Number of protein chains: 2
Amino acid sequence: MLSFDYSIPTKIFFGKGKIDVLGKEIKKYGSKVLIVYGGGSIKRNGIYDRTASILKENNIDFYELSGVEPNPRITTVKKGIDICKEKNIELVLAIGGGSTIDCAKVIAAGVNYDGDPWDIVKNPSKIEKVLPVASILTLAATGSEMDQIAVISNMDTNEKIGVGHEDMRPKFSVLDPTYTFTVPENQTAAGTADIMSHTFESYFSGVEGAYLQDGIAEAILRTCIKYGKIAMEKPNDYEARANLMWASSLAINGLLSLGKDRKWCCHPIEHELSAYYDITHGVGLAILTPNWMEYILNDDTLHKFVDYGVNVWGIDRKKDSYEIAREAIKNTRKYFDSLGIPSKLREVGIGEEKLELMANRAVRNSGGTIGSLRPIDAEDVLNILKKSY
Amino acid sequence: MLSFDYSIPTKIFFGKGKIDVLGKEIKKYGSKVLIVYGGGSIKRNGIYDRTASILKENNIDFYELSGVEPNPRITTVKKGIDICKEKNIELVLAIGGGSTIDCAKVIAAGVNYDGDPWDIVKNPSKIEKVLPVASILTLAATGSEMDQIAVISNMDTNEKIGVGHEDMRPKFSVLDPTYTFTVPENQTAAGTADIMSHTFESYFSGVEGAYLQDGIAEAILRTCIKYGKIAMEKPNDYEARANLMWASSLAINGLLSLGKDRKWCCHPIEHELSAYYDITHGVGLAILTPNWMEYILNDDTLHKFVDYGVNVWGIDRKKDSYEIAREAIKNTRKYFDSLGIPSKLREVGIGEEKLELMANRAVRNSGGTIGSLRPIDAEDVLNILKKSY
């Protein structure tokens, strides 16, 4: 186990009706709020109205930025920054899933930066003072409600970049599982795949001896496998939505990667797919993951896949090790299939012509290799993309 | 799963040599420190000298309270409060295990309370302003390094009471696993039993549907079972000490009880044993736990013991449910035996004459019953004490 520093100060208000804390919590930071959201779903399901009425009751002034894209764009971030500057906003409140929260974080980080906000996405050391961010979560997926990361796209340069800064962690987030009852099947599926992928990125690490963290990761994976399916079949199942929602936060808030060397692997590859083809993040991850697993399986990585097979899929440890590993990977693939997620890149509109370009770009910010358990280079990424095609 | 509020703001600096952060972290809160510790072990193993030299380098004035008892007493708390008042202390730094940290917390809570500090132990709503607390942990057991609880004894009244207040949570704790290399076998064993008992108290809850939390609890239990034994055999095994140390924090910092209704059961019984006989907390818990498990096992609680047996002890789920449950309990008993912990109350100097008195007192602060999965009353407690005798 490696040394680590732990600090997860985000407060979570979890459960049905927890939005009631909103007024009291916001007023700790100010009384001028920018609400950031995506499409109109929060207007249809009543969350917008409830938020607005709480803010009014508490004499909190609010302004709005709507239309945040599923892969949020730097152009939208700029619009938000302009409103914050003009209206002297004191807190940025995201209502939505990870895209909306990510957008809100970079708006908050960009308000006190004088240059082009794309600079701070590319170089977070330029971030100085960040406005307080809070969120009301409506989709269990990215974990942005409790972490310090945001992923922003620049369609001019075909770049999709993750940026992290400790002060971008939300001050508080409201997690009401009933708010995810209306999430459609395909988004429930993609969200579950995203949570699992975050967990895999920490779990399949080259660092040994973080036994406790690995056990927690396995618990999160079993939770996703069990409840992802139930949430698809019974969208209003509170227990399923609650377990998925809490899993989304714990998978990436830092708990799993403590004492390990999380070096993202499927994520940077997927970011290239989204950057060029604007596909759903979780779908890209679900397509890539089983192919990546098959590709990195060898004598050195075998033990980790055996643990995965035994502890997550309940495969008998007495079986041959490679048999366990292959069965575990097969189960992973079958599971994503069972959620109705496409299994090939060509099914989501990706052409062969950019595979090599994307493979090269996926490793460009990481010294030429990505991943920890078995680091892979651009050629490996291309092979995985071809397997996934 | 019940609704919950999550807030665990304690920073953890985990790993060999992490004490180096001490100066920088303390100076965020002030430059006058009270160091609280127990016996002389921190002087023998160099932690005291290292701390003193860091404080001097950083121009931090420090005063000392030594001699904190294994079951820390209110008389010692009072001494600490007096020093804080006299010297205008700005942060209380505990160096030691749970007893020392608990003592430091109540000192910090008592400085700004004008009455008898025993009042705030009995009624934490009287706590107002709490001095910042920090800790350097030297024993993996109570989890006090990351929670808001302290347990204080009053030998005049034979009371041992747990007191909780959100502001008593340490601002930061240094967790260096090498500091536990010198922990003797019996304390390593008792500490492991304590961590497991904290986990059981959340795990064996009557609330269903907190699947993720239960999976995390099972990971902590497997971690204790694996590494408690290794740490006994190889005291300098970093991996074992690190996993136990992090397990001690996560077992009780709030993570496991989120969405459940933790109603302490073995703990209040054990507090009576310690209050009257001053025994080691973890030893009392290890003696009580298997007998409590046997006592509460019935058709209603069976499913939980089956999960425990299958997911923690790896027992085949295809076996008969009662067979799984009894095997799991038997394994628990055998495990504590294997750590060399006494298995009977009479072996640790407890007489039969006070069993009834202690049984009555164990439930007195909880409306007559304790525990969640199967609440038990004074008569049940007496039966468990007799089984444990």
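In the nomenclature of an unreviewed UniProt entry, chain A corresponds to NADH-dependent butanol dehydrogenase A from the organism Clostridium felsineum.

Here the focus is helix 13 (residues 321-338) of chain B. Residues and elements named next belong to chain B. Under the 1.5 Å per step criterion, the end-to-end length of helix 13 is 25 Å for 18 residues, consistent within 8% with the ideal 26 Å. Considering only its buried residues, helix 13 is in contact with helix 7 (185-203), helix 8 (211-233), helix 11 (281-296) and helix 12 (302-313). Regarding helix 13, its N-cap is D320, as a side-chain oxygen of that residue lies 3.1 Å from the backbone nitrogen of Y322 further along. G340 occupies a position one or two residues after helix 13 and carries a positive phi of about 80 degrees.

All names here are of chain A. Close contact between helix 10 (residues 266-277) and helix 14 (residues 355-362) brings their axes to 9 Å; oriented N to C, the two are set at 130 degrees. Judged by the inter-axis angle, helix 10 sits oblique to helix 14. The interaxial crossing formed by helix 10 with helix 14 has right-handed handedness. For the pair formed by helix 10 and helix 14, the contact residues are P268, I269, E272, L273, Y276 and Y277 on the first element and L357, M358, R361 and A362 on the second. Its residues placed into classes, the contact of helix 10 with helix 14 shows eight nonpolar, no polar and two charged.

Our focus in this paragraph is the domain arrangement of chain A. Residue and element names in this part refer to chain A. Domain parsing of chain A yields domain 1 (11-179) and domain 2 (185-388). Just the C-alpha atoms count here: the centres of domain 1 and domain 2 sit 27 Å apart. On the side of domain 2, 27 residues touch domain 1, which itself brings 27 residues to the contact. Each partner contributes to the roughly 2200 Å² buried at the junction of domain 1 and domain 2, and carbon and sulfur atoms together form 59% of this total. Three residues stand out in domain 1 for area buried against domain 2, namely N158, K160 and P177, and they jointly supply 25% of the buried area on that side. The tally of links between domain 1 and domain 2 comes to three salt bridges. E159 is paired through a salt bridge with R364; the nearest N and O atoms lie 3.5 Å apart. Summed over the shared surface of domain 1 and domain 2, the result is 11 residue pairs in polar contact (both at pLDDT 80 or more).

Basis of the calculations
- Residues numbered from 1 in each chain as written.
- Chains lettered and ligands numbered in written order.
- Predicted model: local features only at pLDDT ≥ 70, side-chain atom pairs only at ≥ 80, totals over all residues.
- Heavy atoms only, no water.
- Helix = DSSP H or I, 4+ residues; strand = E, 2+ residues; numbered from the N terminus.
- Expected span 1.5 Å × (residues − 1).
- Contact = heavy atoms within 4.5 Å.
- Polar contact = N/O pair within 3.5 Å; in protein donor to acceptor, adjacent residues only side chain to side chain.
- Axes fitted to C-alpha atoms, helices over the stretch in contact; angles between N-to-C directions.
- Parallel < 35°, antiparallel > 145°, perpendicular 65-115°, else oblique.
- Left-handed = near helix turned anticlockwise from the far one by under 90°.
- Nonpolar A, V, L, I, M, F, W, Y, C, P; charged D, E, K, R; others polar.
- Domains from an automatic or database assignment.
- Buried area = accessible area lost by both parts, 1.4 Å probe.
- Salt bridge = Lys/Arg side-chain N within 4 Å of Asp/Glu carboxyl O.

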